[in-house]
Amino acid sequence: MKIGTNFWIWVSPFRTDRDLELIAKAKSMGADVVEFAIEDDGVVDAKLLRRALADNQVECSVVGIFGPQRDFASEDPAVRSEGLEHAWRCLDLTAEVGAGVLTGAVVAAGCDQAVTESQRNRRLAFAAEVLQQIGEHSAKAGVRFGVEILNRYESNLLTTAA
């Protein structure tokens, strides 16, 4: 069994220009794995992070931050496009740092308004279209992509993994 921690317990957003020492800190506390979130991929230097992980003999996983402005199920095609582009950048960065998993709440995160059955079906179709493209990019990058399921108070679309 591996023990891990998420950098959210110390900092958000994670930035390589100020937070690399957290890897050694996590290792000194017994962590074998660290997890960091990509809110802005421009503040994470993949080469520096990969080197720091290797130097500390720590593995990592990555969480992409999406929210309403990058919602795969949005009615707005510009929002879906931003989500797709962010996911591609996150997948590439995940591969560059040597991590094998990227997860994220990519569908209706932060949405709590009621939706009709037809709205739900349309939004699920939008999400499926984007997820198909993510799956193709994920396979090429050699990274597994996981959809984080939220509870009914945080999302109005995907609230169960059943």
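Higher on the page you've got the structure.
Definitions and limits used
- Residues numbered from 1 in each chain as written.
- Predicted model: local features only at pLDDT ≥ 70, side-chain atom pairs only at ≥ 80, totals over all residues.
- Heavy atoms only, no water.
- Helix = DSSP H or I, 4+ residues; strand = E, 2+ residues; numbered from the N terminus.
- Buried < 20%, exposed > 50% of the residue type's maximum accessible area, 1.4 Å probe, protein only.
- Areas by Shrake-Rupley, 256 points an atom, 1.4 Å probe, with all protein chains shown as cover.
- Pairing = 2+ DSSP bridges.
- Axes fitted to C-alpha atoms, helices over the stretch in contact; angles between N-to-C directions.
- Phe/Tyr/Trp six-rings, centres within 6.5 Å; stacked < 30°, edge-to-face > 60°.
- Expected span 1.5 Å × (residues − 1).
- Contact = heavy atoms within 4.5 Å.
- Salt bridge = Lys/Arg side-chain N within 4 Å of Asp/Glu carboxyl O.
- Parallel < 35°, antiparallel > 145°, perpendicular 65-115°, else oblique.
- Left-handed = near helix turned anticlockwise from the far one by under 90°.
- Nonpolar A, V, L, I, M, F, W, Y, C, P; charged D, E, K, R; others polar.

(A) Up close: the overall build of the chain. When helices and strands are counted, the chain shows five helices and five strands. Beginning at the N terminus, the succession of helices and strands in the chain can be written as β-α-α-β-α-β-α-β-α-β. Within the chain, buried positions represent 42% of all 162 residues. Split by element, the accessible area of the chain, about 8,500 Å² in all, is 51% carbon and sulfur.

(B) Region of the structure containing the sheet that holds strand β1 (residues 4-6). With parallel pairing, the five strands of this open sheet are ordered in space as β1-β2-β3-β4-β5. Unpaired on one side and paired on the other, β1 and β5 (144-147) mark the two borders of the sheet. Sheet twist, expressed as the mean angle between neighbouring strand axes with direction ignored, is 25 degrees.

(C) Region of interest: the packing of aromatic side chains. If you walk through the whole model with that rule in mind, you get four aromatic pairs. A ring pair is formed by Phe7 and Trp10, whose centres lie 6.3 Å apart and whose planes are at 40 degrees; its orientation type is tilted. Residue classification places Phe7 among the buried positions, given a relative accessible area of 1%. With relative accessibility at 28%, the residue Trp10 sits in the partly exposed group. Centre to centre, the rings of Phe7 and Phe14 are 5.1 Å apart; their planes meet at 5 degrees, and the pair counts as stacked.

(D) Spatial organisation of helix α5 (residues 117-141). With 25 residues, α5 should reach 36 Å at 1.5 Å per residue; the first-to-last C-alpha distance of 35 Å fits that figure. Burial in α5 covers these residues: Arg123, Phe126, Ala127, Val130, Ile134 and Ser138. On its buried side, α5 packs onto α4 (77-96) and β5.

(E) How the structure looks around the pattern of salt bridges. Counted under the stated rule, the structure contains eight salt bridges. Notably, a salt bridge pairs Glu82 with Arg89, separated by 3.5 Å at the nearest N-O pair. When its relative accessible area of 28% is taken as the criterion, Glu82 is described as partly exposed. Looking at Arg89, the relative accessible area reads 31%, which means it is partly exposed. Put simply, Asp41, Arg70, Glu82 and Arg89 are held in one network by salt bridges that share partners.

(F) Structural detail: the packing of α4 against α5. Where α4 meets α5, the closest approach of the two axes is 10 Å, and the angle between their N-to-C directions is 20 degrees. When the interaxial angle is binned, α4 and α5 end up roughly parallel. In this structure, the crossing between α4 and α5 has a hand that is right-handed. Taking contact as the criterion, the partners of Arg80, Leu84, Ala87, Trp88, Leu91, Asp92 and Ala95 in α4 are, on α5, Phe126, Val130, Gln133, Ile134, His137, Ser138 and Ala141. Its residues placed into classes, the contact of α4 with α5 shows nine nonpolar, three polar and two charged.

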